[in-house]
Amino acid sequence: MMRARVPLLLLGILFLASLSASFATSLREEEESQDNPFYFNSDNSWNTLFKNQYGHIRVLQRFDQQSKRLQNLEDYRLVEFRSKPETLLLPQQADAELLLVVRSGSAILVLVKPDDRREYFFLTSDNPIFSDHQKIPAGTIFYLVNPDPKEDLRIIQLAMPVNNLQIHEFFLSSTEAQQSYLQEFSKHIPEASFNSKFEEINRVLFAEEGQQEGVIVNIDSEQIEELSKHAKSSSRKSLSKQDNTIGNEFGNLTERTDNSLNVLISSMEMKEGALFVPHYYSKAIVILVVNEGEAHVELVGPKGNKETLEFESYRAELSKDDVFVIPAAYPVAIKATSNVNFTGFGINANNNNRNLLAGKTDNVISSIGRALDGKDVLGLTFSGSGEEVMKLINKQSGSYFVDGHHHQQEQQKGSHQQEQQKGRKGAFVY
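Just so it is clear, the structure is predicted and the values come from calculations on it, not from any experiment.

Even after reading the chapter, I still don't get the overall build of the protein, so can you show me in this structure?
For the protein, the count of helices and strands is nine helices and 25 strands. Burial status across the protein gives 45% buried among its 430 residues. Element-wise, carbon and sulfur atoms account for 49% of the exposed surface of the protein, whose accessible area totals about 23800 Å².

Please explain the sheet that holds strand E14 (residues 244–248) as it appears in this structure.
Strand pairing in a sheet relies on backbone hydrogen bonds, with the paired strands running either antiparallel or parallel. If you walk across this open sheet you meet the seven strands as E1-E21-E18-E23-E16-E15-E14, and the pairing is antiparallel. With one partner strand each, in any of the chains shown, strand E1 (39–40) and E14 form the two edges of the open sheet. Here eight bridges tie strand E15 (residues 251–258) to strand E16 (residues 263–270), and the two strands are oriented antiparallel to one another. The residue bridging Thr254 from the neighbouring strand is Ser267, located in E16.

What exactly am I supposed to notice about helix H4 (residues 198–206) here?
Along an α-helix, a turn takes 3.6 residues, which lines up residues three or four apart on a common side. Regarding H4, the residues found buried are Phe198, Ile201 and Phe206. Buried positions in H4, seen along its axis, are confined to an arc of 70° and lie on one side of it. Exposed residues on H4 whose side chains face more than 90 degrees from its buried face are Glu199, Arg203 and Val204. Where H4 is buried, its residues touch helix H3 (188–194).

What exactly am I supposed to notice about unusual backbone geometry here?
Most of the time, phi is negative for any residue but glycine, and the peptide bond is trans. The backbone phi angle of Asn195 is positive, close to 55°, even though this residue is not glycine. Despite not being glycine, Asn348 has its phi angle at roughly 65°, a positive value.

Can you help me understand empty space enclosed by the protein in this one?
Here the idea is plain: a probe the size of a water molecule rolls over the atoms and shows the empty space left. Overall, the coordinates contain three cavities of 30 Å³ or more when judged by the stated rule. Reported here for the largest cavity is a volume of approximately 90 Å³. In this structure, the largest cavity is lined by Leu253, Glu255, Leu264, Ser266, Met268, Phe276, His279, Tyr281, Val286, Leu288, Ile326 and Ile334. Where the lining of the largest cavity is concerned, the elements lending two or more residues are E15, E16, strand E17 (274–281) and strand E18 (285–292). Considering only residue class, the lining of the largest cavity consists of nine nonpolar, two polar and one charged.

I tried to follow the environment of Leu98 on my own but got confused; where do I start?
As for its placement among the helices and strands, Leu98 is situated in strand E6 (residues 96–104). Along the chain, Leu98 and Leu158 lie 60 residues apart, while their C-alpha atoms are 5.8 Å from each other. With sequence-adjacent residues up to four places away left out, Leu98 is seen in contact with Gln134, Lys135, Ile136, Phe142, Gln157, Leu158 and Ala159.

Explain a negative patch on the surface here, please?
Together, Asp373, Asp376, Glu387 and Glu388 line one region of the surface with negative charge. Within the secondary structure, Asp376 is located in helix H7 (residues 374–381).

Would you take a moment to explain the pattern of salt bridges for this structure?
Side chains carrying opposite charge are able to pair once their charged atoms draw close together. On inspection of all chains with the given rule, the structure shows 17 salt bridges. For Glu80, the salt bridge goes to Arg82, with nearest N and O atoms at 2.8 Å. The class for Glu80 is buried, based on a relative accessible area of 1%. Here Arg82 falls in the buried class, since its relative accessible area comes to 18%.

Would you mind going over the side chain of Ser45 with me for this structure?
Locating Ser45 in the fold gives a position in the loop between E1 and strand E2 (46–52). At 2.9 Å, the side chain of Ser45 forms a polar contact with the backbone oxygen of Asn41. Sequence-distant contacts of Ser45, that is, excluding residues within four places in its chain, are made with Phe40, Val59, Leu60 and Gln61.

Would you mind showing me how to read the sheet that holds strand E4 (residues 77–83) here?
Strand order in the open sheet made by the six strands is E2-E3-E4-E11-E6-E9, with antiparallel pairing throughout. In this open sheet, the two strands that pair with only one neighbour each are E2 and strand E9 (133–136). Each strand axis lies, on average, 20° off the axis of its neighbour in the sheet, ignoring direction. For strand E3 (residues 55–60) and E4, the ladder comprises five bridges, and the chain directions are antiparallel. Bridge pairing in E4 places Gly55 opposite Ser83.

Cut-offs applied
- Residues numbered from 1 in each chain as written.
- Predicted model: local features only at pLDDT ≥ 70, side-chain atom pairs only at ≥ 80, totals over all residues.
- Heavy atoms only, no water.
- Helix = DSSP H or I, 4+ residues; strand = E, 2+ residues; numbered from the N terminus.
- Buried < 20%, exposed > 50% of the residue type's maximum accessible area, 1.4 Å probe, protein only.
- Areas by Shrake-Rupley, 256 points an atom, 1.4 Å probe, with all protein chains shown as cover.
- Pairing = 2+ DSSP bridges.
- Arc of directions from axis to C-beta.
- Contact = heavy atoms within 4.5 Å.
- 1 Å grid on protein atoms, 1.4 Å probe; cavity = no way out; pocket = protein on both sides within 12 Å on 5 of 7 lines; lining within 4 Å.
- Points joined across faces, edges and corners; volume = space filled by probe spheres on them.
- Nonpolar A, V, L, I, M, F, W, Y, C, P; charged D, E, K, R; others polar.
- Patch = residues over 30% accessible without salt bridge, like charges linked within 9 Å, V, L, I, M, F, W, Y side chains within 5 Å.
- Salt bridge = Lys/Arg side-chain N within 4 Å of Asp/Glu carboxyl O.
- Lys, Arg positive; Asp, Glu negative; His and termini not counted.
- Charge placed at Lys NZ, Arg CZ, Asp CG, Glu CD.
- Polar contact = N/O pair within 3.5 Å; in protein donor to acceptor, adjacent residues only side chain to side chain.
- Axes fitted to C-alpha atoms, helices over the stretch in contact; angles between N-to-C directions.

This is a description of form; function is not addressed.
Below, the structure written as structure tokens:
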């Protein structure tokens, strides 16, 4: 009997091992076969933390859960906040550094500091070049007001958790949606802390009678007017000298780097039909959020989730609230299929450079050709001579943003040439 059981036991172990290996392989294949690991569709990528008639708070799924290729973004999250006119986001603190950018509307932000200090900020999206933004240190109590009587407020936040990979928002208030975190203490702690009976503390701070519906509430116009007096005196009216702005009749891009956070903030607008020519960032991983409009994006990266000299194109049709991640050194091109504007966050931005692969200005390929022996290098790099390469590059008189429309004949010719290049090792496959 014992001899019969041993082979059966071995067969069972082998079966389980085979099943485990097969499951692991299928997971890897699923990871590698994702159509586009850099694209986050607005329909299924945002998780709602809170929602009521006055607004909502949503958080984008973790980047590293979407793909292993985005594991360097595991310490970053995106949070979206929207609120109706004349509303207040109740006081809270978060276990994360927050970088807040106004996407539309205006906001009064109040930061509460120790020693009875408060900082007031009036933030708006009205600036034609760059929307206002503000950094909120981790653990700082803040509250947020939409003072406008007609326009909704939309804010996007880059959150950098300090405890773990999740974000936790601690609200002082006790509402129909959640309890105040102060209620979690044992009774004797608030009694001693407030020098009062628990019944009085509960009545004043936590009683169900008079509770708000949720953490976003309506606010009186007189209170808004009083807050506005403080906030407008602290508003930033001008751009920083460190801002990098480029633009023409087809589009414009403004970038600002916060060296303390090692984060780049960008605002980009493109007219319908405009093309942001192929380019890449040397160090920064850019998280691009669509504010309004639609665009076609193509990103060139390694084929599959492995070290390789083969490349492929990752394409996406972007619309409002979609998110697209552009890894460092990955060439990307963006074409506006309608008037479109973006908010961007660049991670690892200190000493970062933007390198263009086409156009008249900042073109790294033409920079090679202008070097002493550059044309010889270009001739060895491409199939044509160095002179032919430079002549081709110089045909484009525009920079950064150009007319994205092409003649049908040129499109057909380009498609034929791309088909010939498919399958070559190291080729860009579109």
